[in-house]
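# Descriptive analysis of the structure
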Amino acid sequence: GTTALLAGDKVTLTLNGNRLIKYTIDQGALNSLVENNNAIIAKEGVVILSAKGLNLLSKSVVNNTGSIEAKGFSQSGGKIYLDGDQTTNSGKLVASSKNNSGGLIQVTADEIKLTSTASLNASGATGGGTVLVGGDYQGKNPLVRNAKTVIAEQGSITKADAIIDGDGGKIIFWSDDRTVFLGEASVSGGKNSGDGGFGEISGKNRLLFDGLFKAPSKTGKIGSLLLDPTDIVVDTLGTDTATID
């Protein structure tokens, strides 16, 4: 089933029996907040944390410091959505599957931060899933809200690996202005078969990439990474080493 934590003065739910089909926050609330500090588990399902501000001067905040799991057992991994004006994840998001392909993790807001303890996992036994942080490929998907700024701190980990068989998944970090990526991301192919997946880490205007991205394959083709700001400089930054392999 679906677990939804929604903050607003007026919320409309569309149900089919006991199943949530659609939701809309029709009217926002002043200083609206959705916060999870514990555990939310939806087997084979969907987890939504969404808040909407009252107006342009009122910021809605979504903050996860706990554990959110939408695991798939007989099907592919579930789906997790975090959406606010300011969205911060310091906890664990899991949309993985032990028997099938990984699920979907989508984090959207004007301002997004993944702290040093953040973990996003959309891996699956037969194929990697999808992780979208701040937008979709090149920010061109109208169904996924684009962020203005995205920060992934050192220590944050994002995975959309194929664990046993199949291709690695897709990981996108996008912002319309500035992206800072200091964490780790991987879209590995399966250990028995499969190609590496695809990643994009981009800031439309500015990008600082000082992290690690992996898209290996033991039996097939390695994956690819797109870095696509307006300007890009590859620099060793003192004693550190910039490596593209």
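For the structure, see preceding data.
Position labels on residues start from 1 in each chain and follow its written sequence. Confidence filtering applies because this is a predicted model: local features only for residues at pLDDT of at least 70, side-chain atom pairs given and counted only at 80 or more, and all residues used for totals across whole chains, interfaces and linings. Water and hydrogen atoms were dropped before computing side-chain values, which therefore reflect all heavy atoms in the structure.

### Looking at the environment of K113
Runs of H or I in DSSP of at least four residues are treated as helices and runs of E of at least two as strands, each being numbered from the N terminus. When you line up the elements, K113 lands in strand β13 (residues 111-114). K113 gets classed as partly exposed once you look at its relative accessible area, which sits at 34%. Between the C-alpha atoms of K113 and G134, which are 21 residues apart in sequence, the distance is 9.9 Å. Throughout, a contact is declared for two residues whenever any of their heavy atoms are within 4.5 Å. Other than its neighbours up to four places away in sequence, K113 contacts T87, T88, N89, I151 and E153. Type-normalised accessible area, obtained with a 1.4 Å probe on protein chains alone, sets the label of each residue: buried when under 20%, exposed when over 50%, and partly exposed for intermediate values.

### What to know about the packing of aromatic side chains
To describe a pair of aromatic rings, you give the distance between the ring centres and the angle between the ring planes. When the centres of two rings from Phe, Tyr and Trp lie within 6.5 Å, Trp using its six-membered ring, the rings pair. Their planes under 30 degrees apart give stacked, over 60 give edge-to-face, and anything left gives tilted. Summed over the entire model, instances satisfying the criterion amount to three aromatic pairs. For the ring pair F173 and F181, a centre distance of 5.0 Å and an interplane angle of 75 degrees mean the geometry is edge-to-face. Residue F181 is classed as buried on the basis of its relative accessible area, which comes to 0%. Their ring planes at 5 degrees and their centres at 5.6 Å tell us that F181 and F209 sit as a pair that is stacked. Here F209 lies in strand β22 (residues 206-209) and F181 lies in strand β19 (residues 178-181), a separation of 28 residues in the sequence. Note on F209: relative accessible area 28%, which makes it partly exposed.

### Quick look at the pattern of salt bridges
Where charged atoms from two side chains of opposite charge come close, those side chains can pair. Salt bridge, as used here, is a side-chain nitrogen of Lys or Arg placed within 4 Å of a carboxyl oxygen of Asp or Glu. Under the counting rule described, the total for this entry stands at seven salt bridges. Between E69 and K71 there is a salt bridge whose closest N-O contact spans 3.8 Å. Among the salt bridges present, the one from D85 reaches R145, with a minimum N-O distance of 3.0 Å. Of the two residues, D85 sits in the loop between β9 (79-83) and β10 (86-89) while R145 sits in the loop between β15 (130-133) and β16 (149-152), which places them 60 residues apart along the sequence. Given a relative accessible area of 14%, D85 falls into the buried group.

### A word on the environment of A185
With respect to the helices, strands and loops of the structure, A185 is situated in strand β20 (residues 184-186). Considered as a pair, A185 and I171 are 14 residues apart in the sequence and their alpha carbons are 7.8 Å apart.

### Observations regarding the nonpolar core
We call a set of buried Ala, Val, Leu, Ile, Met, Phe, Trp, Tyr and Cys residues a nonpolar core when their side-chain atoms join them within 4.5 Å. Counting 36 residues, the largest nonpolar core has I80, I105, L120 and F173 as its most contacted members. Put simply, the parts of the chain that give this core at least two residues each are β6 (46-51), β9, β12 (104-108), β13, β15, β16 and β18 (170-175). At three residues, β6 tops the list of elements feeding residues into this core. Not counting chain neighbours up to four residues away, the residues in contact with L120 comprise N89, L93, I105, V107, L114, V131, V133, I157, T158 and K159.

### Some words on the side chain of D110
Examined against the element boundaries, D110 turns out to sit in the loop between β12 and β13. When its relative accessible area of 16% is taken as the criterion, D110 is described as buried. The residues touching D110, leaving out its near neighbours within four places in the chain, are K59, G84, D85, R145, A147, K148 and T149.

### Overview of the pairing of β13
Where a strand is regular, its side chains alternate between the two sheet faces. Only one face of β13 is covered, namely the face carrying I112 and L114; the face carrying E111 and K113 is uncovered. Relative to β13, β10 runs parallel, the two being bridged by four bridges. Across the sheet, T87 pairs through a bridge with I112, a residue of β13. Between any two strands, pairing holds if DSSP finds at least two bridges. In this structure, β13 lies alongside β16, joined through four bridges in parallel fashion. Across the sheet, L114 pairs through a bridge with A152, a residue of β16.

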